[in-house]
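# Structure assessment
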Amino acid sequence: MNHISTSLPILDGYDKVSGRLCFTEDMKLEGLLHAKLIFSSVAHATIKHIDIEAARAVPGVIGIFHHGNTPGNTYNSTIWFEGQEAPEDETMFPGVLRHIGDRVAAVIAETQEIADKAVRLIEVEYDRLPAVFDAFAARDLCEEMASSDQKSIFEKPVNETTFDYGNTRAAFDRADLIVEDTVTTPKTHHCAMENHVCVAMPEADGRILILTPCQSIFAVQFVVARAIGVPASQLRVVKTPIGGSFGGKAEPVLDPLCAWFAKTLERPVTIAFSRAETFTATRTRCKAIGYIQTAVNRDGRILARDTDVLIDVGAYCTGGIFLPESMAQRLCRIYNIENQHYRGRSFYTNTLPSGAYRGYGSPQIHAISEINLDHVARRLGMDPVKFRLKNLISPNDVDPVTGLGLGNARIRDCVEQGSVHFDWGNRWSAGSTEGRRKRGVGMACATHINGCFPGFHEATTATLRVREDGGLDLTCALHDLGCGSNTVLAQIIAEVLDISPLSIVFSEVDTEICDYDLGTRASRMTYIAGEAVRRTAEKLKLQIFAMASLELNCAATDLFITDGRVFCGDRRDSSISLGELAAREADRDRSLSTTETYRASANPGSYAAHFAEVEVDTLTGAVQVVDYLAVHDLGRAINPQLVEGQIHGGVQMGMGFALFEDIDIDVDNGRVKGDRFSRYHLVNAPEMPLVKVLLVEKHEPTGPYGAKAVGEIATIPPAPAIVNAINHALDTNLTELPVTPERIIGALSPTG
Amino acid sequence: MGSQVSIIRPSYLPEIELFRPSSIDGVFECIKDGARVLAGGTDLLPWASQHGQPRKMVWIGNVEPLHGFSVDDERLQIGACVTQGELIRCADFRRAAPAVADSVQFVGSVQLRNQATLLGNVCSASPAGDTLPALLVHEAQVEITGAPGQERQVSLDDFLLAPGKTMLAPGELASGVSFCGLRANEMSAYRRHTERRALDLAVASVAARLVFEADGYTVAGARVALGAVGPTALVAIEAAKSLVGHPLTGETKSICAAIAAETCKPISDFRASADYRRQLVKVLVEDVIGEIEQRARIFKPNGEGR
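None of these values were measured; they are calculated from a predicted model.

Each value, and the rule that gives it
- Residues numbered from 1 in each chain as written.
- Chains lettered and ligands numbered in written order.
- Predicted model: local features only at pLDDT ≥ 70, side-chain atom pairs only at ≥ 80, totals over all residues.
- Heavy atoms only, no water.
- Helix = DSSP H or I, 4+ residues; strand = E, 2+ residues; numbered from the N terminus.
- Rg over C-alpha atoms; globule rule 2.2 N^0.38 Å.
- Buried < 20%, exposed > 50% of the residue type's maximum accessible area, 1.4 Å probe, protein only.
- Contact = heavy atoms within 4.5 Å.
- Areas by Shrake-Rupley, 256 points an atom, 1.4 Å probe, with all protein chains shown as cover.
- Lys, Arg positive; Asp, Glu negative; His and termini not counted.
- Charge placed at Lys NZ, Arg CZ, Asp CG, Glu CD.
- Salt bridge = Lys/Arg side-chain N within 4 Å of Asp/Glu carboxyl O.
- Pairing = 2+ DSSP bridges.
- Axes fitted to C-alpha atoms, helices over the stretch in contact; angles between N-to-C directions.
- Buried area = accessible area lost by both parts, 1.4 Å probe.
- Polar contact = N/O pair within 3.5 Å; in protein donor to acceptor, adjacent residues only side chain to side chain.
- Nonpolar A, V, L, I, M, F, W, Y, C, P; charged D, E, K, R; others polar.
- Core = buried A, V, L, I, M, F, W, Y, C linked by side-chain atoms within 4.5 Å.
- Disulfide = S-S within 2.5 Å.
- 1 Å grid on protein atoms, 1.4 Å probe; cavity = no way out; pocket = protein on both sides within 12 Å on 5 of 7 lines; lining within 4 Å.
- Points joined across faces, edges and corners; volume = space filled by probe spheres on them.
- Parallel < 35°, antiparallel > 145°, perpendicular 65-115°, else oblique.
- Left-handed = near helix turned anticlockwise from the far one by under 90°.
- Domains from an automatic or database assignment.

## Quick word on the overall build of chain A
Looking only at helices and strands, chain A has 19 helices and 26 strands in total. Taken against the 2.2 N^0.38 rule, which gives 27 Å for 752 residues, the C-alpha radius of gyration of chain A at 27 Å falls within 12% of a compact globule. Dimensions of chain A, computed from the C-alpha atoms along their principal axes, are close to 85 × 70 × 45 Å. Looking at the 752 residues of chain A, the share that counts as buried comes to 63%. Partitioning the intrachain contacts of chain A with sequence separation of at least 6 by distance along the chain shows that 79% fall at a separation of at least 24. Element-wise, carbon and sulfur atoms account for 49% of the exposed surface of chain A, whose accessible area totals about 27000 Å². Between the centroid of the 72 positive side chains of chain A and the centroid of its 96 negative side chains there is a distance of 2 Å.

Structure follows, in structure tokens:
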């Protein structure tokens, strides 16, 4: 058995680099119509009048849609199954527009050029309403509204979550030191290579087929059904190859519109967003403002912590309902803190709606807590690594809020091994250098989840069938988002049955042929789907052995599989291939196949400690990350190269979160400043340090071959690690992300 | 224009008429007909995505004389079609105009520089255009051709009017740019600040060219120019003047930097505040002069140094 811990090249890698993979925008469809949307240019307004006559007169225009001629059904695009509760506040084309970029109308035409031209002829008159652009203002307005009889979207927080265990007040009273910080994280954008795109078309039986690069076909089906008011059975959803998502395509944004256009016009329709449209009319990572206080005693033991987070979810609720709770969860799974109070509140603002984004609240809450912990260590005069080691959890500790075990949690190993590898002690105590360019080191710890358990139906159903050629067909709604999850799952199956991973054919991800699945979210692919396919393969193996024992006249316990053939003990001459077995089953009108549903019963933590060295130009504020080490507790790396790739990408994204990336809403008018790549800076190759990766591979008993997740956690610790390094270099306490050169100069100037 | 016309129309693009004449006369016929001039196209592409695709374009890359590129001791002459990449790879150019060579190396990315022309950067007249301050300290003149045979030279300072606006009138073609090469006892340099190390626009930039006395360190003449801190690249006359007659010391450098920071006209925008831009000008002026000092020493193996 040698398929685990090997770096099998990503399965569709060749097709991608050679341009053979057909993405949604590449599809050539007979009679395809093209849509162009018109977006609100004001932050909050009622549509007074909309004039579409001139646009309608343009030859080639087939349809124009707006709030006056489309269903006003409300929905929440974050919901992925019937019964999940979240405020339904979105409509396809709202009459009251809530942010710049909200959908006003759409023109559908024979060509994209005609649609683009016609859309400019639509005139909209607005009745402006007062607008709110930041969470503080939204909070104040909520308090005002509570005592008035006016009704508005701002009348109450979208959601509020609190937890309180131990006795935080009493612990604060007896603390030697209390360190407080307000940490702010920006709204950021996913910047997947592929923009948002969707195709929908009527099928012969009157149903609508939706072709969409998505993270969950069943979520698309549910949300579209709700939005356009048809039963889910009238919709068939197929996932197309996806050019990156990072959570941006977790919520169906275009799909309801596209399906409605196709249904109404009875023609195939596509909506393909431009980069600017993807920036301003899809989803973002929510902005968070955390006020955090940590109480410690003199020798560095954390006695208590109190965290109050304001979350700016933007104009629509979407996943804002879950964010306060997601953030809370991460605060309880990494340090042993006996007394903790937390309050998280999410507020509406007239800005871009937030949604899922790699880490789902984790990057924000860890920035808040890890920057504060470094501040505590600084005030104590203690090495931040030693300080953290005094407080970190140990394997098999328990989450104090849920009472669930954290599994084989190896964060202490990450910190200990990482600090040795990085030569942390010497580099940290050397302090910052003299002169114009100052160097400093920083580190941060992080945790993330493995799946949705115990929150939602955390289960995956897979069907494996042996083909007559000896390969396998896997039917399962597996949404590979480009990170290579299918490659990893193929390796797991191949390991169980000792066949070539390349002989496994993955089914279409199609609502018509796959069992219900949550889709790719919550770092659940390797840990949940991986265990599901492992168990399915194990069950299939028993079935294979039962059959082969009859064919080979050998006890099932003596059988083993090598290279696609079943052998009996030492009798090398007696064997049968999996393909032959399948053929004989077919002769008996049976199929050599099995279906298995795996339901999760645990949610262990994945852990990481990242170490960074920065050099800061104290005259210009320019930051260069000069050295980087990422240490990850992931149980086992099924595919080490894919793991490294995930971590490198995670660091690139986290660095952007720390230093550059900010959608930056103009507080005067709600306009998006960072709506293009010349204004929204991603970290490029010249800025990237050499990222060293160290893996702590300690078996997690509930994971497939001991494996845990790495995809999301990789992007969580970089921002606090880099900010802590900057604060170490400059002896500052910068807490507002992104830490731009100008903010650094502000902090260094005598008045700053 | 007949024989030079070809029409390119991929189905997914709007209708574009692209003319490719091989003579200046042919170019002017097209310009008169309303065609937009296309050389490297790297600024035209983003412009078109915001303002709409021009329906007629004239590509001047077939006109051989516009590829002319000469470097002699006195003056460099660069034709409209010479790419930034070509210039960077030319050692004579780098020796003759170090500030311009510095600035060209900052523009965009390798791929962009291999496509973009030097004159294109000038004609785009972006306040943050990298080559503009460098060309200003090298006393650049833009060659404007009004019609075949009708040429005039305009100093770059006069040529630049406002963001995106130049003296170029409809029907005219900027056919080249010429500027001073370094003479004995001269040195120049360009520095800028960006958030990212590459593929980014200057938040502030500074170029300087200094003439030294025979002693090798007293400043006999100076030119300083600033980018991204005004509606156009600016010549900082007062700042430059403050250096003349003095040796380069920490004090003279910081006086020059302070005057430059005071006299520039930055705005606050999404990229930076005016105050931060002034701070950057101060730092960059000192950096640029420091760089010139260092280069002057290297270029003068027998010089006294300091």
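## Here we look at the pattern of salt bridges
Note on pairing: side chains with opposite charge can pair once their charged atoms come close. Using the criterion set out here, one finds 72 salt bridges over all chains in the structure. Residues A:Lys692 and A:Asp627 are paired through a salt bridge, measuring 3.0 Å at the closest nitrogen-oxygen approach. Of this pair, A:Lys692 sits in strand β26 (residues 691-696) while A:Asp627 sits in strand β25 (residues 623-633); the two residues are 65 residues apart in sequence, bridging distant segments of the chain. A:Lys692 sits in the partly exposed class, given a relative accessible area of 38%. For A:Asp627, a relative accessible area of 12% translates into the label buried. B:Glu186 is paired through a salt bridge with B:Arg183; the nearest N and O atoms lie 3.4 Å apart. One salt-bridge network, in which partners are shared between bridges, spans A:Glu551, A:Arg565, A:Glu580, A:Arg584, A:Glu585, A:Arg588 and A:Arg590.

## Describing the sheet that holds strand β14 (residues 302-314) of chain A
Strand pairing in a sheet relies on backbone hydrogen bonds. The paired strands run either parallel or antiparallel. All names here are of chain A. What the 5 strands build is an open sheet, ordered β7-β15-β14-β13-β8; its pairing is mixed. Only two strands of the sheet have a single partner each, and these edge strands are β7 (159-165) and β8 (177-185). Put simply, the sheet's adjacent strands are angled 5° from each other on average, direction ignored. One ladder, built from 9 bridges, connects β8 with strand β13 (residues 287-296); its direction is antiparallel. By the bridge assignment, Asp 181 is partnered in β13 with Ile 292. Its contacts with the sheet place helix α4 (residues 135-146) against β13, β14 and β15 (339-348), and it is angled at close to 90° to β15. Contacts between helix α9 (residues 323-331) and the sheet are confined to β7, β13, β14 and β15, with β15 contributing the most and set at about 155° to the helix.

## Some points on the pairing of strand β23 (residues 593-599) of chain A
Residue and element names in this part refer to chain A. The two faces of β23 differ: Thr 594, Glu 596 and Tyr 598 on one face are buried, but Ser 593, Thr 595, Thr 597 and Arg 599 on the other face are not. Pairing of strand β17 (residues 459-466) with β23 involves 7 bridges; the strand directions are antiparallel. Counterpart to Leu 464 in the pairing with β23 is Thr 594.

## A word on the interface of chain B and chain A
Opposite the 19 residues of chain B that make contact, chain A presents 22 residues. Regarding the contact of chain B and chain A, the summed buried area is about 1800 Å², with carbon and sulfur atoms giving 50% of it. Between A:Glu113 and B:Arg55 there is a salt bridge, and its shortest N-O distance comes to 3.9 Å. At the surface where chain B touches chain A, the tally comes to 9 residue pairs in polar contact (both at pLDDT 80 or more). Among the elements that take part in the side of chain B that touches chain A, helix α12 (residues 274-299) of chain B stands out by supplying 5 residues, more than any other. Classifying every residue of the side of chain B that touches chain A gives 8 nonpolar, 4 polar and 7 charged.

## Some remarks on the nonpolar core
In terms of nonpolar packing, the biggest core is built from 143 residues, with A:Ile210, A:Phe261, A:Ile722 and A:Ile726 touching the most fellow members. Aside from chain neighbours lying at most four places away, what touches A:Ile722 is A:Ala612, A:Val614, A:Val625, A:Tyr628, A:Met655, A:Ala658 and A:Leu659. B:Phe19, B:Ala35, B:Val63 and B:Val154 belong to the second-largest nonpolar core, a separate cluster that totals 49 residues.

## Describing the state of the cysteines
Residue and element names in this part refer to chain A. Under the counting rule described, the total for this entry stands at 1 disulfide over all chains. The disulfide partner of Cys 554 is Cys 568, and the gap between their sulfur atoms is 2.0 Å. Judged by the sign of its S-S torsion, about 85°, the bond between Cys 554 and Cys 568 is right-handed. Note that Cys 554 is positioned in the loop between α15 (525-552) and β20 (559-562) and Cys 568 in strand β21 (residues 565-568), a separation of 14 residues in sequence. Among the residues examined, Cys 568 registers a relative accessible area of 5% and is labelled buried. Of the cysteine sulfurs around Cys 142, a residue in no disulfide, the closest is that of Cys 317, at 13 Å. Looking at Cys 142, the relative accessible area reads 7%, which means it is buried. Here Cys 332 is not cross-linked by a disulfide; its sulfur's nearest cysteine counterpart is in Cys 445, at 16 Å.

## Considerations on empty space enclosed by the protein
Over the atoms, a rolled probe matching the size of one water molecule traces out where space is still vacant. Residue and element names in this part refer to chain A. Within this structure, the stated rule accounts for 6 cavities of 30 Å³ or more. Lining the largest cavity are 13 residues, with His 196, Thr 212, Pro 213, Lys 249 and Asp 255 sitting closest to its centre. Each pocket or cavity is described by its volume, and for the second largest cavity that value is around 70 Å³. Along the walls of the second largest cavity sit Glu 90, His 99, Gly 101, Asp 102, Arg 103, Ala 281, Thr 282, Arg 283, Tyr 316 and Pro 353, which together make up its complete lining. Along the lines of polarity and charge, the residues of the lining of the second largest cavity split into 3 nonpolar, 3 polar and 4 charged.

## Brief notes about the packing of helix α6 (residues 217-228) of chain A against helix α7 (residues 255-265) of chain A
Residue and element names in this part refer to chain A. For the pair α6 and α7, interaxial distance at closest approach is 9 Å and the crossing angle is 60°. Considered as vectors, α6 and α7 are oriented oblique to each other. You can see that α6 and α7 cross each other, and the crossing is right-handed. On the side of α6, the interface is formed by Val 220, Val 223, Val 224, Ala 227 and Ile 228, while α7 contributes Asp 255, Pro 256, Ala 259, Trp 260 and Lys 263. Considering only residue class, the contact of α6 with α7 consists of 8 nonpolar, no polar and 2 charged.

## So, the domain arrangement of chain A
Residues and elements named next belong to chain A. Once the domains are mapped, chain A shows domain 1 (17-129 + 196-272), domain 2 (287-450 + 603-748) and domain 3 (453-599). Of note, the centres of domain 1 and domain 3, computed from C-alpha atoms alone, are 38 Å apart. The interface of domain 1 with domain 3 comprises 19 residues on the first partner and 20 residues on the second. Counting the surface lost from both domain 1 and domain 3, the interface buries some 1700 Å², and carbon and sulfur atoms represent 58% of this. Considering only the side of domain 1, the residues that lose the most area to domain 3 are Trp 80, Gln 215 and Phe 218, jointly responsible for 39% of the buried surface there. Our enumeration of links across domain 1 and domain 3 arrives at 3 salt bridges. We note a salt bridge from Arg 207 to Glu 512, for which the minimum N-O separation is 2.5 Å. There are 9 residue pairs in polar contact (both at pLDDT 80 or more) connecting domain 1 and domain 3. Considering every element that reaches the side of domain 1 that touches domain 3, the biggest residue donor is strand β11 (residues 235-239), with 5 residues. Classifying every residue of the side of domain 1 that touches domain 3 by side-chain character gives 10 nonpolar, 6 polar and 3 charged.

## Considerations on the sheet that holds strand β10 (residues 208-212) of chain A
Residue and element names in this part refer to chain A. Spatially, 7 strands are ordered β3-β5-β1-β12-β9-β10-β11 in an open sheet, and the strand pairing comes out mixed. At either end of the open sheet lies a strand with only one pairing partner, and these are β3 (61-66) and β11. On average, each strand axis in the sheet is inclined to that of its neighbour by 20°, with strand direction left out of account. As defined by bridge partners, strand β1 (residues 33-39) adjoins strand β12 (residues 269-272) across 2 bridges and the pair is classed as parallel.

## A look at the domain arrangement of chain B
All names here are of chain B. Taken domain by domain, chain B consists of domain 1 (17-59), domain 2 (64-180) and domain 3 (186-296). For domain 2 versus domain 3, the separation of C-alpha centres amounts to 21 Å. Facing 25 residues of domain 2, the contacting portion of domain 3 comprises 25 residues. Counting each side, the surface lost to burial between domain 2 and domain 3 is near 1900 Å², with a carbon and sulfur contribution of 61%. Seen at the junction of domain 2 and domain 3, the total is 5 salt bridges. Across the pair Asp 102 and Arg 295 runs a salt bridge whose closest N-O atoms are separated by 2.9 Å. On inspection of domain 2 and its partner domain 3, the count reaches 11 residue pairs in polar contact (both at pLDDT 80 or more). Counting residues per element, the ones that place at least two in the side of domain 2 that touches domain 3 are α5 (98-106), α8 (131-137) and β9 (160-162). Across the side of domain 2 that touches domain 3, the residue classes tally to 17 nonpolar, 4 polar and 4 charged.

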